[in-house]
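What the coordinates show
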Amino acid sequence: MAEYIFALLIEAAVESIASENAARFNAMESAHGNVSRKLDGLRQEARQARQSEITTEILELATAETALGARR
């Protein structure tokens, strides 16, 4: 009888540990997804900022060329 009770207690402990590990895994998986989405958003913002800088530079060069061409 003592061995049976011991086995039940060990089984409950193992199930508790397994449940805790599963919860931790789910939390880490969720955190990974959140970080991935945030990183994608930041990359998109960086691309848009760079594109805006490039557009501004092109407009400045075109304006300067037009102004120089008008003086000639």
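This is a predicted model, so every value here is computed, not measured.

1. A short note on the overall build of the protein
- Along its length, the protein carries 1 helix and 0 strands.
- At 31 Å, the protein has a C-alpha radius of gyration far larger than the 11 Å of a compact globule built from 72 residues.
- Here the protein, with 72 residues, has 1% of them falling under the buried criterion.
- Approximately 6,600 Å² of the protein is accessible, and the part contributed by carbon and sulfur atoms is 63%.
- Side chains of the protein give 8 positive and 11 negative charges; the mean places of these two sets differ by 17 Å.

2. Quick look at the pattern of salt bridges
- Inspection of the entire model under this criterion finds 2 salt bridges.
- Residue E20 pairs with R24 through a salt bridge whose shortest N-O separation is 2.5 Å. One end of the pair, E20, and the other, R24, are both in helix 1 (residues 2-71), 4 residues apart, so they sit about a helical turn from each other.

3. Some words on the environment of L8
- Examined against the element boundaries, L8 turns out to sit in helix 1.
- The spacing of L8 and M28 is 20 residues in sequence and 30 Å in space, taken between C-alpha atoms.

4. Some details on the environment of T63
- Here T63 lies in helix 1.
- Considered as a pair, T63 and Q48 are 15 residues apart in the sequence and their alpha carbons are 22 Å apart.

What counts and how
- Residues numbered from 1 in each chain as written.
- Predicted model: local features only at pLDDT ≥ 70, side-chain atom pairs only at ≥ 80, totals over all residues.
- Heavy atoms only, no water.
- Helix = DSSP H or I, 4+ residues; strand = E, 2+ residues; numbered from the N terminus.
- Rg over C-alpha atoms; globule rule 2.2 N^0.38 Å.
- Buried < 20%, exposed > 50% of the residue type's maximum accessible area, 1.4 Å probe, protein only.
- Areas by Shrake-Rupley, 256 points an atom, 1.4 Å probe, with all protein chains shown as cover.
- Lys, Arg positive; Asp, Glu negative; His and termini not counted.
- Charge placed at Lys NZ, Arg CZ, Asp CG, Glu CD.
- Salt bridge = Lys/Arg side-chain N within 4 Å of Asp/Glu carboxyl O.

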